[in-house]
Amino acid sequence: MRRKLAAGNWKMNGLGADLAELERLAAAPAPSQTGRLICPPATLISRATLVAGDIAIGGQDCHAAQSGAHTGDISAEMLADCGASAVILGHSERREDHGETDATVAAKVAAAWSEGLLAVVCIGESLAQRDAGETLALIGSQLAGSLPDTATGANTVIAYEPIWAIGTGRIPTLEQINEVHEFIRTTLTDRFGGEGHAFRILYGGSVKPENASEIFSVANVDGALVGGASLKADDFQAIIDALDAA
Ligand code: PEP
């Protein structure tokens, strides 16, 4: 049985005062079937761990190197040192804004594992790629290139995030989500054998309280990576509840 996961990505949002939202989430009863993860900006990780209760705290990126001359970057060891237990890697905003390739992502994933961090690896197509019928080929090559051979369901979570659904309020049809998640599952079992069934596959892109239940009804959707709706405790709690009930 895969334990479901509700993961929040605060992106470049959040000041100290916003930790009150996390505190409110932590005060709610823990869901029975669902793990919870919040990835605030790096500046808040240490303070977030103090109020998060049993909600895991993660980073939004790490460098592949352990230390060195990389101004502005943060290593996996630094994330672990300040209390993070997970890190989002290969988010489309990092791939676009920072030119991250699948090889970059794979190196970061290995760095995350070496510090005991759960890697949440993001993949997903642009609208142009979807319209050109390239979605599954792209997803296959992103999975092949971004996951080192020693990936397991315990050290890695996959987040399928169609770029055109992120922050747009537009989501794929349930059939489109089903097609891609099923393809990801098959790709994982082809490569990793039975272990391929152990990976959680999250959907991400405009998940809201209003659409969460229908998204979570799709096979092989083991949870969500949530941006905007993770910033407010009430919205994220509604998504957690929908996932736990699915
Ligand atoms: C994201 O950035 O990972 C994301 C899914 O954002 P949103 O939920 O705001 O679309």
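Remember, it's a predicted structure, so these values are computed and weren't measured experimentally. (Residues numbered from 1 in each chain as written. Predicted model: local features only at pLDDT ≥ 70, side-chain atom pairs only at ≥ 80, totals over all residues. Heavy atoms only, no water.)

Asks: Sorry, what's going on with the site of the ligand here?
Replies: If you check the shell around the ligand, you find 14 residues, and the closest are K11, E161, G167, S206 and G227. H91 places a polar side-chain atom, nitrogen or oxygen, 2.8 Å from an oxygen atom of the ligand. In this structure, an oxygen atom belonging to the ligand sits 2.8 Å away from a main-chain N or O atom of G227. In isolation the ligand offers 290 Å² of accessible surface; the protein chains occlude 97% of this area. (Near = heavy atom within 4 Å. Polar contact = N/O pair within 3.5 Å; in protein donor to acceptor, adjacent residues only side chain to side chain. Areas by Shrake-Rupley, 256 points an atom, 1.4 Å probe, with all protein chains shown as cover.)

Asks: Whenever I open this one, the layout of surface pockets confuses me. Can you help?
Replies: To find leftover empty space, one rolls a probe the size of a water molecule over the atoms. Approximately 510 Å³ is the volume attributed to the largest pocket. Surrounding the largest pocket, 20 residues form its lining, K11, M12, Q60, D61 and R94 being those nearest its centre. Sorting elements by how many residues they give to the lining of the largest pocket places helix α4 (residues 92-97) first, with three residues. Considering only enclosed or pocket space, the second largest pocket measures out at about 160 Å³ in volume. When the residues that make up the lining of the second largest pocket are grouped by side-chain class, the tally is four nonpolar, 10 polar and three charged. (1 Å grid on protein atoms, 1.4 Å probe; cavity = no way out; pocket = protein on both sides within 12 Å on 5 of 7 lines; lining within 4 Å. Points joined across faces, edges and corners; volume = space filled by probe spheres on them. Helix = DSSP H or I, 4+ residues; strand = E, 2+ residues; numbered from the N terminus. Nonpolar A, V, L, I, M, F, W, Y, C, P; charged D, E, K, R; others polar.)

Asks: Sorry, what's going on with the sheet that holds strand β2 (residues 34-39) here?
Replies: By way of backbone hydrogen bonds, the strands of a sheet pair with one another, either parallel or antiparallel. With respect to topology, eight strands assemble into a closed barrel ordered β1-β2-β3-β4-β5-β6-β7-β8, the strand pairing being parallel. Adjacent strand axes in the sheet meet at a mean angle of 25°, parallel and antiparallel pairs treated alike. Note: strand β6 (residues 156-160) against strand β7 (residues 200-204), four bridges, orientation parallel. Across the sheet, Y160 pairs through a bridge with Y203, a residue of β7. In the packing of helix α7 (residues 135-146) onto the sheet, the strands contacted are β5 (118-123) and β6, and the crossing angle to β5 comes to about 150°. (Pairing = 2+ DSSP bridges. Axes fitted to C-alpha atoms, helices over the stretch in contact; angles between N-to-C directions. Contact = heavy atoms within 4.5 Å.)

Asks: Sorry if this is basic, but what is going on with the pairing of strand β3 (residues 56-59) here?
Replies: Along a regular strand, successive side chains alternate from one face of the sheet to the other. Of the pairings in the sheet, the one linking β2 to β3 comprises two bridges and is parallel in character. Counterpart to L37 in the pairing with β3 is A56. Crossover handedness for the path β2 to helix α2 (residues 45-51) to β3: right-handed. Judged from the two bridges that link them, β3 and strand β4 (residues 86-89) form a sheet pairing that is parallel. Bridged to G59 within β4 is V87. Handedness of the crossover joining β3 and β4 through helix α3 (residues 76-81): right-handed. (Right-handed = clockwise from strand over helix to strand, strands pointing away.)

Asks: Quick question: what am I supposed to make of the nonpolar core here?
Replies: A general feature of soluble globular proteins is that nonpolar side chains tend to end up buried together. Among the nonpolar cores identified, the biggest contains 58 residues, and L22, I184, V207 and F216 are the most heavily contacted of them. It is helix α10 (residues 233-245) that provides the largest number of residues to this core, a total of six residues. Those residues in contact with F216 that lie beyond four places of it in its chain are V207, V221, G223, A224, I239, A242, L243 and A246. Ranked by size, the runner-up nonpolar core spans 13 residues in total, among them L5, L37, I88 and V157. (Core = buried A, V, L, I, M, F, W, Y, C linked by side-chain atoms within 4.5 Å. Buried < 20%, exposed > 50% of the residue type's maximum accessible area, 1.4 Å probe, protein only.)

Asks: Help me out: how do you make sense of the side chain of H63 in this one?
Replies: Looking at the element boundaries, H63 is found in the loop between β3 and α3. According to the relative accessible area criterion, H63 is buried, its value standing at 18%. Within polar-contact distance, the side chain of H63 engages the backbone nitrogen of A65 at 2.8 Å. If we ignore the near neighbours within four places in the chain, the residues touching H63 are H70, D73, I74, S75, A76, K108 and A111.

Asks: What am I meant to see in helix α8 (residues 174-192) here?
Replies: The periodicity of an α-helix, 3.6 residues per turn, causes residues three or four positions apart to be oriented the same way. Taking 1.5 Å of rise per residue, 19 residues should cover 27 Å, and α8 covers 26 Å from first to last C-alpha, within 8% of that figure. Within α8, the full set of buried residues consists of I177, V180, H181, I184, R185, L188, T189 and F192. Take α8 and look down its axis: the buried residues cluster within an arc of 170°, on one side only. Exposed residues pointing more than 90 degrees away from the buried face of α8 are listed as E175 and D190. (Expected span 1.5 Å × (residues − 1). Arc of directions from axis to C-beta.)

Asks: What am I meant to see in helix α9 (residues 209-216) here?
Replies: Among all positions of α9, only N211, A212, I215 and F216 are buried. Angularly, the buried residues of α9 cover 130° about the axis, an arc narrow enough to put them on a single face. Residues of α9 that are buried sit in contact with α8, β7, β8 (223-226) and α10.

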